[in-house]
Amino acid sequence: MHFPTADGPFFRHLRMWHAVAAFLVVVAVVAFLVLLPSDGARSVPNSPCRPADSAHEDPPAAPDLDGDGFVDLVHEFSDTAENFDVTVVPGSEHGPDHDRTSVLTHDDLGLPDDVQTGDDPWQPTVADLDEDGHADLIVSGAAQVLWGGPKGPQASGPHGRVQLPGSGYDTAPIAGDFDGDGHTDLAAIRYSNEDQELVVLKGPFKRSGAPTRSAEIPSPVHEGASPVLVAGDANDDRATDLALYDSPWDPPLLFTGGARTAGGLSQEPERLPQGENVVFGDFDGDGRQDIAIGRSFVDSYDEIDTPHRRGQVRVRYGKEPGKWVTMEGGDFKEGFGTRLAAGDINGDGCDDLAVQLTMKKETGDARIEVLRGGSQHGLGSKPWRATKRSVPGDDGPVDGTLFAVHDFDDDGRAELALLGGNKWWITDGTDRDEASFPVTTSNDQGS
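Note that the coordinates shown come from a computational prediction; the quantities given were computed from them, not determined experimentally. (Residues numbered from 1 in each chain as written. Predicted model: local features only at pLDDT ≥ 70, side-chain atom pairs only at ≥ 80, totals over all residues. Heavy atoms only, no water.)

A. Representation of the pattern of salt bridges in the model. Throughout the structure, instances matching the rule amount to 16 salt bridges. The residue D284 makes a salt bridge to K319 at a minimum N-O spacing of 3.3 Å. Separated by 35 residues along the polypeptide, D284 in the loop between strand 16 (277-281) and strand 17 (290-295) and K319 in the loop between strand 18 (311-316) and strand 19 (325-329) bring together distant segments of the chain. A cluster of three or more residues bridged by salt bridges with shared partners is formed by D130, D132 and R207. (Salt bridge = Lys/Arg side-chain N within 4 Å of Asp/Glu carboxyl O. Helix = DSSP H or I, 4+ residues; strand = E, 2+ residues; numbered from the N terminus.)

The structure is reproduced here in structure tokens:
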């Protein structure tokens, strides 16, 4: 993969037929060269990347709970069913504003005592379920809802609970328009008596939490698997598609949206290449979302040896739906591809891909590499930028892992949010910190 240099076609085709035109061309070229990133990665001149209307702006949208135009940093944190918090760090023109952090506790959220919890922090779902123009907050396997308002969801504001059929849900449902009718739907995995179901709830939702209708689909993964759901539009039909991943027995699966089924999803899923995570992003800036799959070859259990091979990321571009491109990274056994997140980090309108490397998933030895998107070639421009943050601990340093990529300060360039050792780092993707601050929970606030 390569990008044009000063002796490439872009410059060879300049013709100095008119003095004024030549001057303008030279000014444009000089401006382009001055604005290049310092690492040499560059977009193709006259890039079709379009920050205003490219596919990565489509739903599911970045979380903006108070509607001020800035992305908020939102996460669930729990160590027991009784100690369950949702922390919201509001966005601002300077990024996440730690001084305005608010913590919604188990009681604030109205959660049941038997709510399911997980070991990792989760990103709650933010979506306008009742179509009143305000973002709602859906948290935990109980699918508890704090209904939005002009100031965002509030502990003292109206509460509800999405009416999921039955019980056995571990995480909050995710949002998307799976049937393409313009209304936000929800999807979740239900575990019941060793069986699994994919549950789709059709919007809009009433304040009672009732969907317009619902559908239950037998799960396509093996018994005992705990798949993660991720939403995106893989075929550019404006209906949300649904990927399932992170099963040790199954490859990632893709249900396409807009189907004439009860849930709006295709009857049978597509089997994607083997991998442990999936993200959607517009890496070549053509207005169509692409799919990236990470495969680190690192087992979930540290006692199992990692094979002597490099991790990889496989990408399928929307313009070439039948072709997968494979990129290897890191060194042997370094776990390139453990986590992925997409966002436009350099502001050129093409999404970039943040890739985490982790040699052992339970020891927290993470670092992040950013693969730059490009308007003609997609991902792959080098050198990649590496980021690592760590805090000391009793058992050694704890490194920041990749939590999310969003444009928190609304400057047109996305930042990386890393989390580790009860601390947040917000970096600009070139190893420079934008901000760092401790994780705040109800224990810290004396609740």
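B. Quick look at the side chain of H106. Mapped onto the elements of the fold, H106 is located in helix 3 (residues 106-109). Since its relative accessible area comes to 6%, H106 is described here as buried. From its side chain, H106 meets the backbone oxygen of P112 in a polar contact 3.2 Å long. (Buried < 20%, exposed > 50% of the residue type's maximum accessible area, 1.4 Å probe, protein only. Polar contact = N/O pair within 3.5 Å; in protein donor to acceptor, adjacent residues only side chain to side chain.)

C. Spotlight on the environment of V221. Residue position: V221 is located in the loop between strand 11 (213-218) and strand 12 (228-232). In this structure V221 comes out as buried when scored by relative accessible area, which is 12%. Residues V221 and S247, spaced 26 residues apart in sequence, show a C-alpha to C-alpha distance of 7.6 Å. For V221, the residues in contact, after removing those within four places along its chain, are Q196, P227, D250 and L253. (Contact = heavy atoms within 4.5 Å.)

D. Representation of the environment of G412 in the model. The residue G412 is located in the loop between strand 26 (401-406) and strand 27 (415-420) in this model. Placed 68 residues apart in sequence, G412 and D344 show a C-alpha to C-alpha distance of 7.8 Å. Beyond its immediate stretch of four places on either side in the chain, G412 contacts D344, G347 and D407.

E. Spatial organisation of the sheet that holds strand 28 (residues 423-427). Read from one edge of the open sheet, four strands run 26-27-28-29, paired in antiparallel fashion. Taken across any chain shown, the strands that pair with only one partner, and hence form the sheet edges, are strand 26 and strand 29 (433-438). Averaged over all neighbouring strand pairs, the angle between strand axes comes to 20°, with direction disregarded. (Pairing = 2+ DSSP bridges. Axes fitted to C-alpha atoms, helices over the stretch in contact; angles between N-to-C directions.)

F. Broad picture of the packing of aromatic side chains. Per the stated rule, a full pass over the model turns up two aromatic pairs. Considering the side-chain rings of F336 and W384, the 5.7 Å spacing of their centres and the 10° angle between planes classify their relative orientation as stacked. Here the residue F336 occupies a position in strand 20 (residues 336-343), and W384 occupies one in strand 23 (residues 381-387), the gap between them amounting to 48 residues. Given the relative accessible area of 17%, W384 is considered buried. Consider the rings of F403 and W424, whose centres lie 5.0 Å apart with planes at 75°: the pair is edge-to-face. Taken as a pair, F403 in strand 26 and W424 in strand 28 lie far apart in primary sequence, 21 residues in all. Across this residue pair, the class does not change: F403 and W424 are buried. A cation sits over an aromatic face here: R310 above F332, 4.3 Å from the ring centre. (Phe/Tyr/Trp six-rings, centres within 6.5 Å; stacked < 30°, edge-to-face > 60°. Lys NZ or Arg CZ within 6 Å of the ring centre and 35° of its normal.)

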